[in-house]
Each structure stands twice: as C-alpha cells, then as structure tokens.
Amino acid sequence: MVDRQQRRAACRVAVLSLLCSLAAAQVNNAAGLGNVNQNLNPNPDAGVVFTGSGTNLLYGVNLIPFGRENGDQEVHQGFLTAGQTIDLHMYFPFYGGLYNYTTISVNGYLGFATVLDQGPTINVGPDATDWPRQQDPAMIAPYLCKQQIPQNANPGTKSGVYYRLMMRQSMFGRGSNSNINYAGATSQQSSFFNQGASQACQNTPDNYVRCDANSDYYIDELMRLISDGVAGGNAFRADAALVVTWYNTASAISGRSDIDAGQLATYQALFNGGNHTGFVPVDPTFQFKNSPKVLATQSGVPHQVRGRYMFRVDDVVRPGGCSNKTGGTYPMLIYPNIVNMLGEMTIDTYILMIEQRQTATCTVLNPSIARCHLPKIYDWGTKTVYFQPQSGGANDEKAFVGYIYFVPPTLDPMRLDIGNIYDWFKNPLPYTTMPISWYPRNFTNPAYDGLTGTNIGPNDDQMYSVQLGLYVIGYKESKDDSIKKFRPENRVLCRLGTYQNRNTPDYRFKPQDERINLNQVEQWYLNDWERQNDLFTFRFGYLKLAPIKADTGPNQAPDLLSGLVSAPISIHFLWTLNNPAFTAATTSSQREQDERTNFVKQKSMEMCHDWYNEDGALWNFIRDVETNSSCPCIERQAMQDLGRFMPHPRCSSVFRDVTCTTSIGARNCYMSAQNVLSSYTGQSGQYSQFDTARFPTHYGQVCCYDAEGYLMQTSYQPVIKVTPDVPYNPGFPTRAYEFGTSPYMGQFEVPGLSMFHHDQMPYFLCCKYADFRCQMFYWRRPSSGCQEYQPPAYGRSSLHRQSIHSFHSGEILGAGSFNTIDNMKFIFNEPGVFTLLYIPQTSANPEVKIQVRMEKYPNRKVDFSMLGKYIDQQDLVQPTNSTVITGIAMEATGTDRVLVLARGDTRRFRYRTSVIVGNILRYFDTMKIQRFKGVTVYVNNVERGQPEVYVVLEEAQIGVRIRESHNMDIDRLPMYQESMGMLDIALSVPPQYGVRPDGDNTRDAEYRRRYNIPRVAGLLRPFPDQPTTSLNQGMTANDVNSDSIHQQLVQQYGTANELTLVDRIAGSGDYSASEQIGVLNRDIPNDNMFTTSRDEDKKFESRLKVFPEASMKTSGIYKTSPKYNTGYYAFHAKTGQEITQILNNCASLQNNPGTAMQPYQSQIGMDYAAQQCPDNPGSIHQDCGDSWPCIYDYTVFNGKLLGTSNKDEWNRLQVERADSMRYYNSCGPINIEYPEYLMKTSSMNSAYLQGDVARFECFQSHWIKGVYEYKCGIVVDYNRPDSWRYEWNKGEQPWCRSREKENFFIWLSAIMGVIFIIMLIVFIFLCFWCVKNKKVMEQREKTITRANSMVKYQASTIAEEEPLNPKRMPDFSDSPRTGTLNRPPGAAPQYSYPPPSHISDDMQHPPRSGLMGLDTSV
C-alpha cells in the first residue's frame, strides 16, 4: 500500500526522476522496457544496427528509439562544445533552483549554467572546484567527459547528440481529463516514432517538443518503469520528459601536450547542484566508478535491465532503486516515510526491515522493492530503521539504514478523509450519511503478497482489485487483570460497510468518493450484553479502511489487515443501533430522531458521572499543572514565552487547522510545549527542595485567549453560554498531554488518543451531549488563572511582586542588532561562528549549547551582467563590512542537534530556510509539527516558503524563533526577486535560570551560589557579571560596534576546533580582527557545531557528500574569494561614528556634486561614492529618525525597505518586551456555583486581573440575589507590610431567582406579614388582657385581706366594749346588697378604726382603682 496524498509535489518529482533516469540510461546501458531477454542477437540486420534500437552488443542494447526518424532533433555542429540551449516549457526544480531551460553539450551533460570546459577535464562539485574563484555550474551529467563527434567515421556509423521533449497534452489545454492513457502495452507499439518532425506541438515554436496522444502514452510507459523500480514511484505523475541520447561519441583531448603529460579525459556520472550546494555521483561506492563500462554492467533496477539508474530529483537528489550503492550509510528510500503510529500500514522499501523496537514482516515484490507491514508503534518522532536480508546467503552484508516518522492519528497528514470532523461530534448527527474518500492505489490485494512466479507487479491493475471494509475501532484505557495494570485497548466494534476498490486506470491519481450510512451496521463484533454495557466504556473511536479478510466467527473481532485510519471521532451514533435497550418509535421519523437524541443525552449524563467519579479518584494533577505551568496572563506573553508554550496544533491560527472542536470562539490557543515538569516538593522533610532534578509528568496545559488577547476562563463559560454553540470555549488542562509521554505505551501516555479518552471526550459528554453537566467537567478541569505565572520583571515596586525567576527573551535583527535577554542593546558585526547562549549542566537543568553563524553580507550593487566583461567570476560576490546571521545550531543534554540555515541566493524560491536534524534534511510541507529526541520543531503554516521556524528544547524549556528576512513576502514587492537571505533570531529563557530581564545582576552571584543556578552567558548575555544595565535606555551611536565590547565578544564567544585556532565559516570571515577567539573564556565549549556531528548522527553524516546536507551546514551561503579576506578588503566593523561620518560625506556629495573639482578630485569623489555611499544618503535620517538599527541597515545594505522594516521590527520588539516583562497581578476567576439564568456584564470582558470588575446580572425573567459586583484588588496585611495578596471582595455567591417565584414569595411574605401582624396584635392584646386580669385578681385578694383585717379589728373592739351585734355589721361581700341598714334617723354612722400602727401600708393607701366607690358619697 502506497499513500498518494502528496501527489502534487510528487508529480514534480516524477518529472525529474524521468529526466534523470533516462539521461543516465544512455550510458551504453540496457534501458529496456520491462523484463527483457539479455541474450544478444549475433546476427542483427543492418537497419537495426544503424538505428541502435536492436539487441546488438555494440549498438544500443535496448536503447529508447532515437534519431530524426523518431522525431528527435540533433544538436548543431556549432553548439556541440558550448552546448545548445533549449526551452523546457516548464519550471524544473533542481537543488533549490528553478530552471526553465537547459544546455545540451556533446560533453555528456545537461547544464543549467555556463560551463567552462577548457582543458581535458571538466571540474564540477565542491571537491574539484574553488568556488567562487572558479565556477561550479549546476548540471546533470550521465556521461561527463571531454567528447567529440567523429568526423571520419566508418561507413554506416551513426553518431551525434539527439534530444526531444515529451509533454502531456494537458499542459497545452488538450487531451482527456485524466491524461493517463494507460493500456498496458510497450512503447514500441506506439505510432509516435513514425511521425515526422513537422508534427510537433502546435502551441510551441520548437519542433523538438511533442504533445499528443502518443506523448501521453510514452510518458505513461516511463512512469510504469519508475513505479516498478522506485519505492513510491507509482505515486508520481510525470507531465514531461526530456530524452537525450549521446550516440557513438569519441573521447576528445586538447592536444599532443595533454597526451604527453598523461592528461587524458576522465569520465564521471553525477548530479551537481552548482555553487557547492550539493553533489551526488551516480554510484560512488564502486572502485571503478570512473569507467562507463562498469556502470553499464551494474544497475539500480537489476530486474529491469543493466545500466539503468533512477533518482528522485527536486530540492535534493535521492537515489532510487536498489544496487550496491545502497549499502553502508546511505539512507534507504522509504515511501511513505510518514506513518501513523497506530501502525497496521504498509510501506514500500527495498529489503526486509528490522526496527529498533519491533520487527516488521516484509514481502519482496521485486529486487528493488519490498513491501513491509508495520505493526502498531506507540511512538512519535523519527525512528531509525534498519534493513537486512534474512536469507539467501546475504547475512554478512551491512544493514541498510533508513528513517520513518511516526505521527499520532490526530496530526497524521495522510489519515483517512471522512469529511468535516465537526459533524461527527454533534448530537444529533446533521446527516445520516457521511463522506469518505481515499486513493484506490493505497490498497493492494493481499492475495498477491508473497506470490512468486507471477507477472503481477505494482503497475498491474489486478494488484489493486480488493474489497474494502470500513471498521469502527473503539479506544479506551482499562484495567487488565492479567498484568495488574491499566493499559490502552483498541477493539474492533463493528463494520459499517463494504466498498469495492476501483482499480481502473482513471483512478490511479483520482480519489474514490463514497458515502457512509450511519443508520446501519453491516456486522457487529459485540454481543447483545456487550452492546448494552461494554460499548459505553469506549468514549470515542476511529475508523479504519482495510481489506476484508475471512471472518473468524460470530461476535469475534478480526485481525485487520493494513489500512488507513481516520482522526478520532465520537461513536455515539452506535449507541442506538441494534441496541436491545433502545426501542425507537416507528410512527414518525422526527419522533425517532428525538428519541435517539434523548437516549444519547441520558447515556452521556451517565457516562459523564462515571468519568467524574473516575477522575476524582485519581491524583489531583491541577496542583502540578497550575504550579509549574500556569498560563500567561495575556496572549502576547504566550507568544513571547517560546520555551514553555507553543500554538495549539488544532486550535490556533499559526497552523490554520480546522479540526478544533473544543475551543471554538477562542482567537488562539496555546499549549505547554512539553510535558508539565514537576519536582520534589519536600513533604518528607528529609531533603531540600533545591538541587533536585525535575521530572516530566503526563499532564499538559492549554490556554485560550479571546479577541482582545485576554485569558478565557472555564468558570465563566456556564455564565456566558446562551446557546449550545456559544463562541466561548476556554482551554483547560489535560490529564494526558496532547503529544504523549515517553514511552508512549501505557495509560495517559499514547499521543492524542489518551488525551481524547481522559479529557476531550468527557468535555463532549458533559458539555455537548448531556444537559446541565458542563460545570461538573469544569470542576475537574478548571482553567488557569495565571496566578502562578512568572513573567519578566519590570522593576521593583511596592505593589508588584518581584522574583529572580522570570522568563526573558532576546532578539537579533538584520545586520547584528542585538537586544539581549538582560536588556543590553548594541550592534555587533564579526564573521564567524559564535556562542549565542551557553548554560552549563547542573542537577536541576541540562547543558544547553546554541551557536550562530555570522557571514559577511554581499554587496547588492554588483552588476552580474558585467561577468566576463568588466568583472571576473570571483568578483560576483563582494562582501561588505556588515555581517548577518545565516545559520543557528542548538542542542541540549540528550537531545538531537538541530540546525536551521538560510538558503543561498537564487535558492529561496520554494524554501527560504533549511532544517537539519540528526544530519538529515527535514521538510515540513505536510507535517508542520515534528518531534525528535528531546526537541520539538514546528513552522508557521501561514507564511509560504518556510520562513519562520520554531525550535523548543523540551527539558531545558528554551525556545528559539528563527525568521528569514523579517518573515516578509519580500519577493512580492517590486524590484525584489527573492528574499534577502538573513536570519532574525528570538530566544526565550525560562525563569529557573535566574536571569533578570531588566539587567540588574547585582545579586546574581549570590543567587547562583545559594540556589545552584547556572551561569548563563553568550552573545545574548555577554556580561553576566556586570552589575546593572539601564532598562529603558535606547541604542546610541556608541553602541554600534563599540571598541569597548567588540573585542571582548570576539574573544569570549568565538569558536575554534582542533584544526585551527580560529574556526571561521569558509568565505565568511578573516583573521584580521582577532586570532585568540575562544581563548579567554575556558568555561564555554568552543567546538563548532556546524562542522561536527554527534556520534549517533554519523550514520547520516554523508562524509562522501552524497547528499547536500553536509555542504549546507558546513559551508556558508555567501562564500567569497580569498582575496576579500586580507589586505584592503579585510573586514572592518564600522562604528557608529564612522557610519555618521560616511552619511555626512555622502550627503555632502549628493547635495554638492562639485562640478568645479579637479579631475582627480572628481574621480576620487566618484570612487568614494560608488564604494561607500548608499543610493540616497540624504533620506536615511529622514526615514529612520534616531533608530540606529534602521540607520545601520539602511546604510550597509543600501536598502530602504530593509532599514525601515528593521526599525518597525525593533520598535515592535520593545513594545512586546515591555508587555511580556510586566507582571499582571491576578485574582483568578470567580468560581460561579449557580450559573442558571446568570449572566456576566460584559460577557467577554476580562475578570481576573487586578482592577477588573466582574458584575453579574440576571435575565429579565429572574432577579439577582447575593453580591453581584466584585472587584479584584490588593489586600495588604498591615501588621506585615511586606506581605500582600490579590483577592476579590468578599461576598455571597450571586444567584438568580425567577420572577414568578419571587412574586410568589413576595405575596406569601405579605400575607404572612399581615397574619403575623394580626397575630401579634392579638398576642399583645391577650398579653395585656392577661396582665390586667392578673392585676385585678391580685387587687381583689389584697382588698379582701384588708377587709378581713378591718373586720377582725372591729370585732375585737366591740367584744371588749359591747357584744357583737351581727345585724349592725356592714356587708363587704361581692354580692349585691338586698337589705337595709337600721339606725336612728339623722344619726351619723359610727366607726372605730385601729390606730395607724395596726394598719398596713396597703390599707392606708389602697389603690384608687379598687376603692373608687368608697370615695363617693352616697
């Protein structure tokens, strides 16, 4: 199975493969079409002999038909030596160049530049030429040798150089849509070779071009040969082929003196990129490689014919086929070399494969191609693979070396296309059918694997006739009792459908589009009980399209064959299919749909609860995440913190991915660039928290920012959410890191899949499918409040916390404008390799080495059209006295070495930078993010040409951003053909290294001693022991190549190696400035990372320069002649005062031409202006103002655009640096516990930073309760003035009550209030009434007591004076009086009272209320 999704790029490569293979096939080779009988015919007829198309031993041996009778043109006699230039009618990419022409020479080459071929030998390549003193032309040379056409040949001998250009009709607007007129026949059956030259393409003026049905057929036949001999060749589609034949040429020598000196012509077969960009011989390993007869007896495709060699040619040249040249350290060609980590895919290569971790079984298709079936490889990154025959007596041979890049399914560029990923995560699904698309040539019939004795090969349509099944595979991480662990499980749940792979020729490069019916399952591999129970333990799954094999039994999952897998999807659509627990109504389709939706909601709620309980039983990872990887408070800080955070691969504008399903509404999301690193917390008290190494966890952090650049909070999402698709979805931390955790095999460790199982799908279950359960999810996954984030310090303030731990960034722009990580600003120019940053290894951090290559920038005023007239070859590149960065190399302890290089002039049309990891050139066309050993590399997907590259050293948490020419599409501007070929470097250092960005190093030595902080030094921190620098001081003229610091930087941070005391990049430096580079600073290693290799990378070192990586990294892109390194042309870094003087002089010459000068004075002025002055010196200060980065670049580059863009970039850097240094005090988000009918005012306004106000309101149907307005402010402990914190004001949680309920409570309260008042009045009345009665009773008792006392006293008196007469006693009872009192008429009543001493106080003063009647006269 060969993937074909890179078809457009591959088509271009196919053209080159045809061109190279056919050109190289003319080396007296047997270039037959297929398996040809090698027995020679001893009696050929004369016609066959003279045409060279037969099987004669001396004439041809199956050469492709050529000559005028076959439509060829012959190189004219006058152009044989110099070469005849022809138009290719297309753009041909070759070693970074782009050519629409070629020069055909009798000397056996196709040239793309002028070739000076004086002398007996034509010298090309890095080893044979001294470029730029001597030319190094780009060429493809299958037979490079001094040759001539015999003038006095034997009768009937045919000789000459013939050529023709075959092109598809589609390139001229004719032909069928497919233009693949494949018929399975040989090219000899075509009638094309019988047509005359007058039948050339109608739209081209050249009669050597052919574009008709026969040319289409011919190109198809060549493609058949390519696919049969090169791994992945059947994925290439050629549009044109140039066929050149050198026939019966004779060796040419210059003269008798050459013969006497023994200087005979030598033979070479090679590819040369030109200007020392790359050199690849056809077969460098054979001891007689300079003899054409040797190459004619060997072959890169031995099963086809001898003498044939195939190469893939594009940006670099890679050998195809298989021969003795593939042994040793030459990387094998593997296709595809980007493989899904789930494995179960098939790749095409050459030999049996043995991987480092697992073994793959391979089937030999032919002597050049083997098909290997990969198992699951739970890993991510580039893995070295080894190939070795296991039988046939070849065990003594070396193992071939290659590499495969394993990627998770979430980022796999070759994953199965199943339409819009969003639609698979909706409930209900918006469609009952979903699209699916694949390329039929991805799949081969497994019945033909390993068959011998058949003629079925990669080009046979029968090979691709296979029935495919679409399977649903569920993923979960569950307990395995057999190993007592939790482990990943991939289980085949069902087969959704069956499709017939279309193997017709029109589908060779055309995708097959089908539909997936989601309302039916073709076959279940779960029984009824499992469909009701086990099915719901799989939270998500993925689809796999694979050939169908015989079923193993009912409800038993099959072992699937190799196939294509999709991105993860939700499998909730399976919950209601053939589920005994679900019975849908059949009366209405809408009702059935509603019941399915409700069933999914119910099950999602149950699964959400199960996840909530399961996650709650695990370790509280929020402590580690928030403490060690708290989110930056604003987006600009996240953009600057290159070492700890990176753009999210699916939810950021940097990568332009549309598969983000959880953060819709966020402008950009960022994630931790590595696993969250934790350290010993010192809970036991035995060891100190300091001097401890950090260790990676399996946690990750995700931070999302809104349109204003503020952090979005999960606490506010339930408050802001008003619709199911509300555009406010904050990022949340993940228990399983998105990129996985080494060794990528256990629970929480599988890249992508573990994150979906533990974090992504619970979000959908709780927030999207179930109702009112999103808050449960956010309780387990609260977003960061940036309270623990440590940004750059801005200075000491009473209200801002200061910490020695802060993140710092430095940047280098244009011609050496430095803004260091400790805020020094200067311009430094010196050619060579320098240490940009070095951090020694300690117990808490790895060793970090970063170097930059600085080269002298060429003078752009040199007119190349004067070559050969007024200037020599070596004068084309004339250096200036300014340097630019053209390369950066970096590594840390235990990581791969990464080099990012600018490309040379005329080589930046497609890729503006080159990324080399482990001595292998890496491409990011389809994989924008690539992880290697301890390092992550990703590129900006928005800008074309790969101009912006990011490198993250994971354990060190150091990030580097590399931009070419300020990341501008400068070639789109008028007067610019390509970018300028200079790198801008931005570097961030995390807080644990203790570098203060304000430059205050006063206590740096104390901190290093106390906390074991390493000493950080390099060009971006040149003086770590200097006490302090000014924070807001700008750059002045004294900071431009200042003599006070220039020599110190050269001596301390230059590099040297064992061969020379001073190691300079060839052509980019000289020895005039200092010969003691690196001598003063013994603490920093001075080995050159551009010319050396790590031991484990030497297998791809290419010491024989077979591949261009060696030349790219070891030599500079602006190589100059040695004369420009000494004497008058020696490099001299111009200071600010010299730049000012030059501008004044040039402005004076511009304003005062000096027409009355003497002749010599005028000539001197003209020479001075031509050498020193920019074109318009008077406008420099006007355009740049006081910006010295602009003034310097404008002057030395003679470019207004470069100067003004550098000024803008420098000013932007100062603003961003100020923002990133600022400490944003945060109170964190308010935890809203009752979000029903509550809204935040305003919804999208930030509510977590100091000074923010959060106001909550209720909708019009509800009333607000609790404290509804909060402000984030500082809280100071006045007993401890040095202690403070940031908090929200205290108050009750805000919540909402409906108006109906509120009205009910109001009326209820009113009624209850009235009742209460009435009851209160009654109660008061009763109280008073009771009190009154009580008092009345008391008074009555007192009255009776008094009366009794009076009666007793009178009775005693009467008893003494006279006997008591009862009739005379008054009646004091309460009963009404009915009788009368008898006394004499007119006589007053007579009473006698006891003395006052015998009367109590009560009796003396009785209450008036009780004796009112006694005080009234009768």
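Rules used throughout
Residues numbered from 1 in each chain as written. Predicted model: local features only at pLDDT ≥ 70, side-chain atom pairs only at ≥ 80, totals over all residues. Heavy atoms only, no water. Helix = DSSP H or I, 4+ residues; strand = E, 2+ residues; numbered from the N terminus. Buried < 20%, exposed > 50% of the residue type's maximum accessible area, 1.4 Å probe, protein only. Contact = heavy atoms within 4.5 Å. pLDDT = per-residue confidence, 0-100. Pairing = 2+ DSSP bridges. Axes fitted to C-alpha atoms, helices over the stretch in contact; angles between N-to-C directions. Lys, Arg positive; Asp, Glu negative; His and termini not counted. Salt bridge = Lys/Arg side-chain N within 4 Å of Asp/Glu carboxyl O. Arc of directions from axis to C-beta. Polar contact = N/O pair within 3.5 Å; in protein donor to acceptor, adjacent residues only side chain to side chain. Core = buried A, V, L, I, M, F, W, Y, C linked by side-chain atoms within 4.5 Å. Disulfide = S-S within 2.5 Å. Parallel < 35°, antiparallel > 145°, perpendicular 65-115°, else oblique. Left-handed = near helix turned anticlockwise from the far one by under 90°. Phe/Tyr/Trp six-rings, centres within 6.5 Å; stacked < 30°, edge-to-face > 60°. Lys NZ or Arg CZ within 6 Å of the ring centre and 35° of its normal. Nonpolar A, V, L, I, M, F, W, Y, C, P; charged D, E, K, R; others polar. Patch = residues over 30% accessible without salt bridge, like charges linked within 9 Å, V, L, I, M, F, W, Y side chains within 5 Å. Areas by Shrake-Rupley, 256 points an atom, 1.4 Å probe, with all protein chains shown as cover.

## Observations concerning the overall build of the protein chain
Moving on, step 1. Counting secondary structure elements, the protein chain contains 22 helices and 53 strands.
Moving on, step 2. By the burial criterion, 56% of the 1418 residues in the protein chain qualify as buried.
Moving on, step 3. Across the protein chain, contacts joining residues at least 24 apart in sequence account for 71% of those joining residues at least 6 apart.

## Thoughts on the confidence of the model for the protein chain
Note: predicted coordinates in regions of low pLDDT should not be interpreted at a detailed level.
Moving on, step 1. The share of residues in the protein chain with pLDDT of 70 or more is 76%, and the mean pLDDT across the chain is 78.
Moving on, step 2. Counting contacts from residues 793–807, a segment whose pLDDT is below 50, to residues more than four positions away or on other chains yields 55 contacts.
Moving on, step 3. The low-confidence segment residues 1071–1080, where pLDDT is below 50, has 30 contacts with residues more than four positions distant or belonging to other chains.

## Details of the sheet that holds strand 48 (residues 1238–1241)
Moving on, step 1. Strand order in this open sheet of four strands is 48-49-51-52, and the pairing throughout is antiparallel. Of all the strands in the sheet, just strand 48 and strand 52 (1284–1288) have a single pairing partner and so form its edges. Across the sheet, the mean angle from the axis of one strand to that of its neighbour is 25 degrees, orientation sign disregarded.
Moving on, step 2. Judged from the four bridges that link them, strand 48 and strand 49 (residues 1253–1258) form a sheet pairing that is antiparallel. Counterpart to Met1239 in the pairing with strand 49 is Glu1257.

## Brief notes about the side chain of Asp216
Moving on, step 1. Within the element layout of this structure, Asp216 appears in helix 3 (residues 213–229).
Moving on, step 2. It turns out Asp216 is buried and unbridged, and the closest side chain with the opposite charge, Arg168, is 4.3 Å from it.

## Quick look at helix 13 (residues 1004–1011)
Moving on, step 1. Restricting attention to buried positions, one finds in helix 13 the residues Asp1004, Tyr1007 and Arg1008. One side of helix 13 carries all its buried residues, which in axial view fall inside an arc of 100 degrees.

## Thoughts on the side chain of Asn1041
Moving on, step 1. One can find Asn1041 in the loop between helix 13 and helix 14 (1043–1053).
Moving on, step 2. Looking at Asn1041, its side chain comes within polar contact range of the side chain of Tyr1192, at 3.4 Å.
Moving on, step 3. Once you skip the residues sitting within four places of it in the chain, Asn1041 turns out to touch Ile827, Phe828, Asn829, His1046, Ala1133, Lys1134, Thr1135 and Tyr1192.

## Some points on the sheet that holds strand 26 (residues 523–524)
Moving on, step 1. The antiparallel open sheet is built from five strands, whose spatial order is 26-24-23-27-28. Here the strands that pair on one side only, and so sit at the sheet edges, are strand 26 and strand 28 (564–565).
Moving on, step 2. As paired elements, strand 23 (residues 467–480) and strand 27 (residues 540–547) share eight bridges and run antiparallel to each other. Note that in strand 27 the partner of Leu468 across the bridge is Pro547.
Moving on, step 3. Packing against the sheet, helix 11 (residues 753–769) makes contact with strand 23, strand 24 (485–500) and strand 27, and its axis sits at approximately 70 degrees to strand 23.

## Thoughts on the nonpolar core
Moving on, step 1. Leu836, Ile850, Ile888 and Leu987 are the most contacted members of the largest nonpolar core, which totals 123 residues.
Moving on, step 2. Ranked by the residues each element gives to this core, the list is headed by helix 19 (residues 1188–1197), at seven residues.
Moving on, step 3. With near-sequence residues (within four places) excluded, Ile850 lies in contact with Phe834, Thr835, Leu836, Leu837, Ile888, Ala889, Met890, Ile958, Val960 and Leu987.

## Points about the state of the cysteines
Moving on, step 1. Summed over all chains, the structure comprises nine disulfides.
Moving on, step 2. Each disulfide pairs two cysteine sulfurs, and for Cys608 the partner residue is Cys766, the sulfurs being separated by 2.0 Å. Here Cys608 and Cys766 share a disulfide; its torsion about the S-S bond, 110 degrees, makes the bridge right-handed. Pair noted here: Cys608 is in helix 7 (residues 589–616) and Cys766 is in helix 11, with a separation of 158 residues, a long-range link.
Moving on, step 3. Note on Cys608: relative accessible area 1%, which makes it buried.
Moving on, step 4. Using a relative accessible area of 1% as the deciding quantity, one classes Cys766 as buried.
Moving on, step 5. In this model, Cys633 is linked to Cys786 through a disulfide, with the two sulfur atoms separated by 2.2 Å. Across the S-S bond linking Cys633 and Cys786, the dihedral sits near 95 degrees, which makes this disulfide right-handed. Here Cys633, found in the loop between helix 8 (622–628) and helix 9 (635–640), pairs with Cys786, found in the loop between helix 12 (774–780) and strand 34 (808–813); they are 153 residues apart in sequence, far enough to count as distant. A single burial state applies to Cys633 and to Cys786, both of which are buried.

## A word on the pairing of strand 38 (residues 848–858)
Moving on, step 1. In terms of residue burial, strand 38 counts as a mostly covered element, since 11 of its 11 residues are buried.
Moving on, step 2. One ladder, built from seven bridges, connects strand 37 (residues 832–839) with strand 38; its direction is antiparallel. For Leu837, the partnering residue across the bridge sits in strand 38 and is Ile850.
Moving on, step 3. The pairing of strand 38 with strand 39 (residues 879–892) spans 10 bridges and is antiparallel.

## A word on the packing of helix 19 against helix 20 (residues 1200–1221)
Moving on, step 1. It is at 8 Å that the axes of helix 19 and helix 20 come closest, and there the two elements cross at 160 degrees. Comparing their axes, helix 20 and helix 19 come out roughly antiparallel. Handedness of the helix 19/helix 20 crossing: right-handed. Note on element contacts: helix 20 touches helix 19 through Lys1200, Leu1202, Gly1203, Thr1204, Asn1206, Lys1207 and Trp1210, opposite Pro1189, Cys1190, Asp1193, Tyr1194 and Phe1197.

## Thoughts on unusual backbone geometry
Moving on, step 1. Between Asn427 and the following residue, Pro428, the backbone shows a cis peptide bond with an omega angle of 0 degrees.
Moving on, step 2. Structurally, Pro428 can be placed in the loop between strand 21 (400–407) and strand 22 (433–438).
Moving on, step 3. Of note, the bond from Thr1241 into Ser1242 is cis; its omega dihedral lies within 30 degrees of zero at -15 degrees.
Moving on, step 4. One can find Ser1242 in the loop between strand 48 and strand 49.

## Describing the packing of aromatic side chains
The geometry of an aromatic ring pair comes down to the distance between the two centres and the angle between the two planes.
Moving on, step 1. Applying the stated criterion to the full structure yields 42 aromatic pairs.
Moving on, step 2. Pairing Trp380 with Phe739 gives two aromatic rings, centres 4.6 Å apart and planes at 85 degrees, and the pair type is edge-to-face. Of this pair, Trp380 sits in the loop between strand 19 (369–373) and strand 20 (381–387) while Phe739 sits in the loop between helix 10 (717–720) and helix 11, placing them 359 residues apart in sequence.
Moving on, step 3. According to the relative accessible area criterion, Phe739 is buried, its value standing at 0%.
Moving on, step 4. Put simply, the rings of Phe425, Tyr475, Phe540, Trp611, Phe732, Phe756, Tyr763, Phe764, Tyr769, Phe777 and Tyr778 touch in pairs and so form one group of aromatic residues.
Moving on, step 5. We note Arg164 situated over the ring of Tyr218; from NZ or CZ to the ring centre the distance is 5.7 Å.
Moving on, step 6. One residue, Arg922, lies across the ring of Tyr403, its end atom 5.1 Å from the ring centre.

## Observations regarding the packing of helix 16 (residues 1136–1151) against helix 19
Moving on, step 1. In contact at an axis separation of 11 Å, helix 16 and helix 19 are set at 60 degrees when each is read in the N-to-C sense. The pairing of helix 16 with helix 19 is recorded here as oblique in orientation. Crossing angle aside, the handedness with which helix 16 passes helix 19 is left-handed. Together, Gly1136, Ile1139, Thr1140 and Leu1143 of helix 16 and Trp1188, Ile1191, Tyr1192, Thr1195 and Val1196 of helix 19 make up the contact between the two elements.
Moving on, step 2. Of the residues belonging to the contact of helix 16 with helix 19, the class tally is six nonpolar, three polar and no charged.

## Comments concerning the pairing of strand 21
Moving on, step 1. Of all eight residues that make up strand 21, eight are buried, and the element is covered over most of its length.
Moving on, step 2. A two-sided burial pattern is seen for strand 21, the buried positions comprising Phe400, Gly402, Ile404 and Phe406 on one face and Val401, Tyr403, Tyr405 and Val407 on the other.
Moving on, step 3. One ladder, built from three bridges, connects strand 15 (residues 338–340) with strand 21; its direction is parallel. In the sheet register, Val339 faces strand 21, and the bridge partner there is Phe406.
Moving on, step 4. Judged from the seven bridges that link them, strand 20 and strand 21 form a sheet pairing that is antiparallel. Counterpart to Lys383 in the pairing with strand 21 is Ile404.

## Thoughts on the environment of Pro718
Moving on, step 1. Checked against the element boundaries, Pro718 lands in helix 10.
Moving on, step 2. Measuring from C-alpha to C-alpha, the distance between Pro718 and Tyr728 comes to 9.5 Å, with 10 residues separating the pair along the chain.
Moving on, step 3. Every residue in contact with Pro718, bar those within four places of it in the chain, is listed here: Tyr778 and Pro1235.

## Some details on a nonpolar patch on the surface
Moving on, step 1. Together, Phe1304, Phe1305, Trp1307, Leu1308, Ile1311, Met1312, Ile1315 and Met1319 make up an exposed nonpolar region whose accessible area comes to about 820 Å².
Moving on, step 2. Along the polypeptide, Met1312 turns up in helix 21 (residues 1299–1361).
Moving on, step 3. Judged by relative accessible area, Met1312 falls into the partly exposed class, the value being 46%.

## Regarding the pattern of salt bridges
Moving on, step 1. Counting across every chain of the model gives 56 salt bridges.
Moving on, step 2. Here the salt bridges share partners, and the residues they tie into one network are Asp822, Asp1004, Arg1008, Arg1015, Arg1021 and Asp1025.

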